[in-house]
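Residues per chain are reported as follows:
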Amino acid sequence: MSLEPCRPAPALTLVNETPAHGAAIEALLIRAFGPGRFAKVSERVREFADFAPELSFVQVEDGRVLGSVRMWRVACGDQPIVFLGPLAVEESERKHGLGALLVERACAAAQAAGEAAVVLVGDMPFFGRLGFVIATDVVLPGPVDPRRVLGRRFAPIELSGAVKPRA
């Protein structure tokens, strides 16, 4: 009996989001979150935030978008920061580290661009292992469990105040 060698997993290639990815990302977001995502506080932030495509990434394989992370320019109090979300990964690709890889790439790009911090609404067990902590003094535009408001600093700044459009 001969065993064939295991084929190595394909390398994940992340690229910056472009307008060409828009329809596929929207379809992925519908599959991942359904229409209820529009009622969430994160959507209130995205309504006034400036999209940052150079800080947003997708993983594309054979022409299919398998994962996406978006970043948005906002301010927290008077401090310019970025807001991360949504993060979505195809169900078949979850548990393979793609979500964490997307977040790490987006955070690295934000830090390299001189951003002071990233804020998001998410689960501490997942995002805590990526360097995020509960951001108790960050106020979002709507009701949200304060334990789900998370931040990751790249500079020694205060993360406090209302999240609002950048001046």
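Right above here is the structure, for reference.
**Q** What is the right way to look at the overall build of the chain in this model?
**A** Across its full length, the chain holds 4 helices and 10 strands. For the chain, the N- to C-terminal ordering of α and β elements is β-α-α-β-β-β-β-α-β-α-β-β-β-β. In terms of overall size, the chain behaves like a compact globule, its C-alpha atoms giving a radius of gyration of 17 Å where 167 residues would be expected to give roughly 15 Å. With respect to the principal axes defined by its C-alpha atoms, the chain has extents near 65 × 30 × 30 Å. Looking at the 167 residues of the chain, the share that counts as buried comes to 44%.

**Q** What's the story with the pairing of strand β3 (residues 57-61) in this structure? I'm lost.
**A** Along a regular strand, successive side chains alternate from one face of the sheet to the other. In this structure, strand β1 (residues 14-16) lies alongside β3, joined through 3 bridges in antiparallel fashion. Bridge pairing in β3 places Leu14 opposite Gln59. Between the antiparallel neighbours β3 and strand β4 (residues 64-76) lie 2 residues, among them Asp62 with a positive phi of about 50°.

**Q** Just to check I follow, could you spell out the nonpolar core for this structure?
**A** The tendency in soluble globular proteins is for nonpolar side chains to be buried side by side. In terms of nonpolar packing, the biggest core is built from 26 residues, with Met71, Leu102, Val103, Val118, Phe127 and Phe132 touching the most fellow members. Looking at this core, the elements that each hand over two or more residues are β4, β5 (79-89), α3 (98-112) and β6 (117-121). Per-element tally for this core: the top contributor is α3, with 8 residues. Among all residues touching Val118, those that are not within four sequence positions of it are Met71, Val82, Leu84, Cys107, Ala110, Phe132, Leu150, Gly151, Arg152 and Phe154. Val45, Trp72, Ile81 and Ala117 belong to the second largest nonpolar core, which has 19 residues in total.

**Q** It is not clear to me how the state of the cysteines should be interpreted in this structure. Could you clarify?
**A** Each disulfide consists of one covalent bond between the sulfur atoms belonging to two cysteines. As enumerated under the stated definition, the model contains 0 disulfides in all. As a non-bridged cysteine, Cys76 has Cys107 as the owner of its nearest cysteine sulfur, 15 Å distant. Judged by relative accessible area, which is 2%, Cys76 ranks as buried. Judged by relative accessible area, Cys107 falls into the buried class, the value being 1%.

**Q** Would you explain the pairing of β6 in this entry?
**A** For β6, the tally of buried residues reaches 5 of 5 residues, placing the bulk of the element in the interior. Neither face of β6 is exposed, since Ala117, Val119 and Val121 on one face and Val118 and Leu120 on the opposite face are all buried. Here β5 pairs with β6 via 2 bridges, running parallel. Following the sheet pairing, Phe83 is matched in β6 by Val119. The handedness of the β5 to β6 crossover, carried by α3, is right-handed. The pairing of β6 with strand β9 (residues 149-153) spans 5 bridges and is antiparallel. If you follow Ala117 over to β9, its bridge partner there is Arg153.

Each value, and the rule that gives it
Residues numbered from 1 in each chain as written. Predicted model: local features only at pLDDT ≥ 70, side-chain atom pairs only at ≥ 80, totals over all residues. Heavy atoms only, no water. Helix = DSSP H or I, 4+ residues; strand = E, 2+ residues; numbered from the N terminus. Rg over C-alpha atoms; globule rule 2.2 N^0.38 Å. Buried < 20%, exposed > 50% of the residue type's maximum accessible area, 1.4 Å probe, protein only. Pairing = 2+ DSSP bridges. Core = buried A, V, L, I, M, F, W, Y, C linked by side-chain atoms within 4.5 Å. Contact = heavy atoms within 4.5 Å. Disulfide = S-S within 2.5 Å. Right-handed = clockwise from strand over helix to strand, strands pointing away.

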